[in-house]
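So you can see what is in the structure, the chains are spelled out below.
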Amino acid sequence: MDDILKGLRAAAEPTRLRILGLCAHAELTVSDLCDVLGQSQPRISRHLKLLVEANLLQRNQEGPWAWYRLPEGGAGSEIARLIVDLLPPEDRRHSMDLERLESISEGWATRVADYFRQHAGDWEHIRALHTDQERVDKELMAALSGRPIASLLDIGTGAGHVLLLLAAQVPAAIGIDRSREMLQVARHNLFRAGHRHCQVRQADMMTLPFDKESFDAVTLNMVLHFADRPDAVLGEAARVLRPGGQLVVVDFATHELVALREEQAHRWLGFGDSQIADWYRKAGLVPSRPRHLTGGELTVVLWSARRPANDAIASAPASPRKRNAKTTKTAAPKGRSA
Ligand SMILES: C[S@@+](CC[C@H](N)C(=O)[O-])C[C@H]1O[C@@H](n2cnc3c(N)ncnc32)[C@H](O)[C@@H]1O
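Just so it is clear, the model here is predicted, and its values are computed rather than measured.

A.B. asks: I would appreciate a short explanation of the overall build of the protein chain in the present structure.
C.D. replies: Summing up its helical and strand segments, the protein chain has 12 helices and 10 strands in all. A total of 338 residues make up the protein chain; the buried ones form 51% of that total. Considering only contacts in the protein chain between residues 6 or more positions apart, those separated by 24 or more positions represent 71%. Total accessible area on the protein chain stands at roughly 16,100 Å², and carbon and sulfur atoms take up 52% of it.

A.B. asks: Is there a simple way to explain the packing of helix α1 (residues 2-11) against helix α5 (residues 75-86) in this structure?
C.D. replies: The packing of two helices is summarised by the inter-axis angle and the distance between the axes. Running from N to C, α1 and α5 cross one another at 45 degrees; their axes reach a closest spacing of 10 Å. The orientation of α1 with respect to α5, classified from their angle, is oblique. As for how α1 packs across α5, the hand of that crossing is right-handed. Judged by residue contacts, D3, I4, G7, L8 and A11 of α1 engage A75, I79 and I83 from α5. The residue inventory of the contact of α1 with α5, partitioned by class, reads six nonpolar, one polar and one charged.

A.B. asks: Just checking my understanding: could you explain empty space enclosed by the protein for this structure?
C.D. replies: Picture a little ball the size of a water molecule; that probe, rolled over the atoms, points out where space is still empty. Scanning all chains against the criterion turns up two cavities of 30 Å³ or more. The calculated volume of the largest cavity comes to roughly 240 Å³. Lining the largest cavity are 21 residues, with H25, A26, E27, R69 and C198 positioned closest to its centre. Going through the elements one at a time, β2 (65-69), α9 (180-193) and β5 (198-202) are the ones with two or more residues in the lining of the largest cavity.

A.B. asks: Any chance you could explain the packing of helix α2 (residues 14-23) against helix α3 (residues 30-37) here in plain terms?
C.D. replies: In the contact formed by α2 and α3, the axes pass within 11 Å of each other and the chain directions differ by 115 degrees. As α2 runs across α3, the sense of the crossing is right-handed. The segment α2 lies against α3, with T15, R18, I19, L22 and C23 engaging L33, V36 and L37. Considering only residue class, the contact of α2 with α3 consists of six nonpolar, one polar and one charged.

A.B. asks: Looking at this model, I keep getting lost on the packing of aromatic side chains. Mind explaining?
C.D. replies: A ring pair, where both rings are aromatic, is described by two values, the distance of the centres and the angle of the planes. By the definition in use, this model includes five aromatic pairs. Pairwise contacts between aromatic rings join W268, F271, W279 and W303 into one cluster. Taking the ring centre of W67 as reference, the NZ or CZ of R187 above it sits at 3.7 Å.

A.B. asks: Where do I start with the site of the ligand in this structure?
C.D. replies: Taken together, 15 residues are adjacent to the ligand, and G156, D177, D204, M205 and N221 come closest. In this structure, a nitrogen atom belonging to the ligand sits 2.7 Å away from a main-chain N or O atom of G156. Within the complex, 84% of the 600 Å² of free accessible area of the ligand lies under protein.

A.B. asks: How should I be thinking about α2 in this particular structure?
C.D. replies: Each full turn of the α-helix corresponds to 3.6 residues, which orients residues three or four apart in the same direction. With eight of 10 residues buried, α2 is to be regarded as a mostly interior element. The backbone nitrogen of T15 has a side-chain oxygen 2.8 Å away, supplied by the residue at the start of α2, namely E13.

A.B. asks: Can you walk me through the pairing of strand β6 (residues 215-221) in this structure?
C.D. replies: In terms of burial, β6 is a largely internal element, seven of the seven residues being buried. The pairing of strand β3 (residues 152-155) with β6 spans four bridges and is classified as parallel. The partner of D154 across the bridge, within β6, is T219. Strand direction decides the pairing type here: β6 and strand β7 (residues 241-252), joined by six bridges, are parallel. Bridging across to β7, A217 finds its partner in Q246. One crossover worth recording links β6 to the parallel β7 by way of helix α10 (residues 230-239), and it is right-handed.

A.B. asks: Before we go on, may I ask you to explain the side chain of D251 in this structure?
C.D. replies: Mapping D251 onto the fold places it in strand β7. Here D251 occupies a buried position and makes no salt bridge, while the nearest side chain of opposite charge, R261, is found at 12 Å. For D251, the side chain forms a polar contact with the main-chain nitrogen of L224, separated by 3.2 Å. Excluding residues within four positions of it along the chain, D251 makes contact with M222, V223, L224, H225, F271, T299, V300, V301 and W303.

A.B. asks: Even after reading the chapter, I still don't get the pattern of salt bridges, so can you show me in this structure?
C.D. replies: Tallied over the entire structure, the rule returns 12 salt bridges. R192 serves as the salt-bridge partner of E102, at 3.5 Å between the closest nitrogen and oxygen. Placement of the pair is E102 in helix α6 (residues 92-127) and R192 in helix α9, with a sequence separation of 90 residues. Given a relative accessible area of 38%, E102 falls into the partly exposed group.

A.B. asks: For this particular structure, what's the right way to read α1?
C.D. replies: What α1 keeps buried is the set G7, A10 and A11. Within α1, the buried residues cover an arc of 95 degrees as seen down the axis, which keeps them to one side. Exposed side of α1, more than 90 degrees from the buried face: D2 and R9 are the residues found there. Where the residues of α1 are buried, they touch α2, α4 (41-53) and α5.

A.B. asks: Explain the environment of W268 here, please?
C.D. replies: Summarising the element assignment, W268 is placed in the loop between α11 (259-264) and α12 (273-282). Spatially, the C-alpha atom of W268 lies 9.3 Å from that of V258, the residues being 10 residues apart in sequence. With residues near it in sequence (within four places) discarded, W268 still touches L224, H225, A227, D228, P230, H255, Q275 and W279.

Conventions and cut-offs
- The residue numbers shown here count from 1 along each chain, following its written sequence.
- Local features in this predicted model are restricted to residues whose pLDDT is 70 or higher, and side-chain atom pairs enter the listing and the counts only when it is 80 or higher, whereas totals over whole chains, interfaces and linings include all residues.
- Side-chain metrics in this entry use all non-hydrogen atoms of the structure; hydrogen atoms and water are not considered.
- Per the convention used, a helix needs a DSSP run of H or I reaching at least four residues, while a strand needs a run of E reaching at least two, with both numbered from the N terminus.
- Buried residues are those whose accessible area, probed at 1.4 Å on protein chains only, stays under 20% of the maximum for their type, while exposed residues exceed 50% and partly exposed ones sit between those limits.
- We call two residues in contact when some of their heavy atoms are within 4.5 Å.
- For the area figures, the Shrake-Rupley method with a 1.4 Å probe applies, and any residue is considered shielded solely by the protein chains shown.
- Helix axes use the C-alpha atoms of the stretch in contact, all axes being lines fitted to C-alpha atoms, and the angles between their N-to-C directions lie in the range 0 to 180 degrees.
- When an angle is under 35 degrees it counts as roughly parallel; over 145 it counts as roughly antiparallel; between 65 and 115 it counts as roughly perpendicular; any other value is oblique.
- Two helices cross in a left-handed way if the nearer one is turned anticlockwise from the farther one by less than a right angle. They cross in a right-handed way if the turn is clockwise.
- All residues other than Ala, Val, Leu, Ile, Met, Phe, Trp, Tyr, Cys, Pro, Asp, Glu, Lys and Arg, Gly among them, are scored as polar; the first ten of these are nonpolar and the last four charged.
- In this analysis, the protein atoms alone were mapped onto a 1 Å grid. Cavities are point sets where a 1.4 Å probe fits without being able to get out; pockets are open sets with protein on both sides within 12 Å along at least five of seven lines; lining residues have an atom within 4 Å of a point.
- Grid points are joined across faces, edges and corners, and a volume is the space filled by probe spheres set on the points.
- For Phe, Tyr and Trp, rings pair up if their centres lie within 6.5 Å, where Trp contributes its six-membered ring, and each pair is then called stacked (planes under 30 degrees apart), edge-to-face (over 60) or tilted (otherwise).
- By definition, being over a ring means that NZ of Lys or CZ of Arg is both within 6 Å of the ring centre and within 35 degrees of the ring normal.
- Distances are taken per atom, and a residue is near a molecule or strand as soon as one of its heavy atoms is within 4 Å of it.
- Think of a polar contact as two N or O atoms within 3.5 Å of one another; within protein, one of them needs to be a possible hydrogen donor and the other a possible acceptor, and neighboring residues in sequence only count if both atoms come from side chains.
- Two strands pair under a simple rule: DSSP has to find at least two bridges between them.
- If the strands point away from the viewer and the path from the first strand over the helix to the second runs clockwise, then the crossover is right-handed.
- The charge count treats Lys and Arg as positive and Asp and Glu as negative. His and the chain ends do not count.
- For salt bridges, the criterion is a side-chain nitrogen of Lys or Arg within 4 Å of an Asp or Glu carboxyl oxygen.
- Note that the arc is defined by the directions from the helix axis to the C-beta atoms.

Take a look at the structure:
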């Protein structure tokens, strides 16, 4: 009862209600909200503080930026969603706020386009070396279609490619990446696609900011070759998998394009099937038969594995970082503070 009263009190103010309505559509910064609402930063920050304290909003710090969105779980999550659902779509102020948000997102689009222009050459180069992306995507979707997935984690999500691909298949998904620029691109792409149930966070694949057993499926699409210690990355991915959950790595088979080390910062020139299978087993996972997609200079491979349903992963590597935040039903990231 106290939580409900706290939430209702916090939301019972026009600007705060408008903020909730906006954050239900996209993850936003203080400056985005200032632009949409036409109010000063100190005022918006004060409203945000109250909403976070009432658990109606979740705040995620990324370097100098704080991002606000509706929480994925916990006391205020349902109250926030109920309140937002009560907002009539025809309400003039709310619909004007959403129109303004649309136009602000055009500014994000320009930044996104700039970033892509800078990196397009690198990506085109890599894509040209292997089989077409559509085929890889189809295989990835097929690999994950065996069992229902309540929550998905995409490690090294980049522009959110895997989240966009699987959004229709999952009720909740989180992508992590260490690059803030890529996350900005991903946020933009998810907003444009209307995938409000997908979110992204800045994090390193070696130290995932999630409790153990938080996800039904974890993906690493073209990321593992950047890892200093792929075995530790797979151990960390296995740690956050629920029993019965599935891990899928998509990467290159071993190759000899040494130039990719210099030009694209690849740490590994692909991987062998037995190498990945060994790492999977050490992480307590049961590997499936790999899928080799030939058709270019580089062969793309899907390596899938499952955590046994009744398993406690006795042999999995210890987590590299101490974790003490609570688990929420949709595996919300940790380390939030108001
Ligand atoms: C080739 S991109 C692939 C992006 C995406 N998975 C896709 O399929 O389009 C590799 C991504 O891995 C991210 N990355 C590299 N090292 C990382 C690390 N240690 N932790 C998290 N992300 C990392 C990069 O920032 C980049 O976005």
